[in-house]
Structure formats: C-alpha cells, structure tokens
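The primary structure of each chain is shown beneath.
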Amino acid sequence: MGMMRVCDNVIWAKHIEGNPSIQEHVLALQQDASLILLIEDFALRCVKMRDGADGRPTPGLKPADSVAKATWSKFLEERRGEFVRVRLKEDPDNGLNASLSGLLSEWESEADSRAYDGL
C-alpha cells in the first residue's frame, strides 16, 4: 500500500509515495492501458494518459469513465490536499482489452466514447 496526494483532475505518478512499485507500475503502462486503483478502498478504474505530441509518455492516469470521473471529482471536493491510501487491484478487463485492441477501431471514435462510456 502507498499514499497519494489528492490534488489534480488526473493522478500523477509523482504524487504516489510510500510504495515505489505502484509508481513504477503506472510509469510502465502503455498509453490507454487501464488499471484499477483502490483509493481508500474505493475502486477507481483509470487509463494511462496518452503520450505527448513529441512521443514522450505522460506520467499520469485519468478516470476511465463517467463513474470514475464522478468518484474522483468527489475525492477532489472533499479531500483536496490530503494524503489517501492507494493500492493496485488487478483489472480483469485489461487483458481482454489489450488482445482486442485495434480489431474494431471504427468503434473508437470520440462520439462513441461519449455515447457509450459508463454502460
């Protein structure tokens, strides 16, 4: 288990302390890979942020869907600036998502994401 400071709309790897393996895991993820963080025992599905325009990886996670966004927003409202417990949870969908990646790319538009996120 580690600790994380609640301070931004996204979760930056540098804000995770006390357990280097969590930070290393986040930094090693490929863009758009998902994982579940247990933050104060609340499950938060996150995705690794996309690489920058110059190709450098972005060292952060963002909430993956509307439920995760609402949960994280509530943490920001109530606990901004505080340190909270954080640990990794295995994401059972991540292996499936990785194996299907690119197969149905015509369904990966921004409009589809808005229409179907959270279902």
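Owing to the predicted nature of the structure, the values given are computational and were not obtained by experimental measurement.

1. A short note on the sheet that holds strand E4 (residues 34-39)
(1) Moving on: Pairing is antiparallel across the open sheet formed by 7 strands, whose spatial order is E2-E6-E5-E4-E7-E1-E3. Strands at the two margins of the open sheet, each flanked by one partner only, are strand E2 (11-12) and strand E3 (16-17).
(2) Moving on: Note that E4 and strand E5 (residues 42-48) share 6 bridges and pair antiparallel. By the bridge assignment for E5, Leu 35 is matched with Cys 46.
(3) Moving on: Each of strand E1 (2-5), E2, E4, E5, strand E6 (60-63) and strand E7 (83-89) is contacted by helix H2 (residues 66-79), which is oriented at about 110° to E5, the strand it contacts most.

2. Notes on the nonpolar core
(1) Moving on: Formed by 21 residues in total, the largest nonpolar core has its most connected members in Met 4, Ile 11, Leu 37, Ile 39, Leu 61 and Trp 72.
(2) Moving on: Within the residue set of this core, elements represented by two or more residues are helix H1 (20-28), E4, E5, H2 and E7.
(3) Moving on: Considering every element that reaches this core, the biggest residue donor is H2, with 4 residues.
(4) Moving on: Those residues in contact with Ile 11, other than ones at most four positions away along the chain, are Met 4, Ile 16, Leu 37, Ile 39, Leu 44, Cys 46, Pro 59, Gly 60, Leu 61 and Trp 72.

3. What about the pattern of salt bridges?
(1) Moving on: Considering all chains together, one arrives at 7 salt bridges under this definition.
(2) Moving on: Here Arg 56 and Asp 54 are joined by a salt bridge, their closest N and O atoms 2.7 Å apart.
(3) Moving on: Arg 56 gets classed as exposed once you look at its relative accessible area, which sits at 59%.
(4) Moving on: Here the salt bridges do not stand alone but share partners, grouping Glu 40, Asp 41, Arg 85 and Arg 87 into one network.

Parameters and conventions
- Residues numbered from 1 in each chain as written.
- Predicted model: local features only at pLDDT ≥ 70, side-chain atom pairs only at ≥ 80, totals over all residues.
- Heavy atoms only, no water.
- Pairing = 2+ DSSP bridges.
- Helix = DSSP H or I, 4+ residues; strand = E, 2+ residues; numbered from the N terminus.
- Contact = heavy atoms within 4.5 Å.
- Axes fitted to C-alpha atoms, helices over the stretch in contact; angles between N-to-C directions.
- Core = buried A, V, L, I, M, F, W, Y, C linked by side-chain atoms within 4.5 Å.
- Buried < 20%, exposed > 50% of the residue type's maximum accessible area, 1.4 Å probe, protein only.
- Salt bridge = Lys/Arg side-chain N within 4 Å of Asp/Glu carboxyl O.

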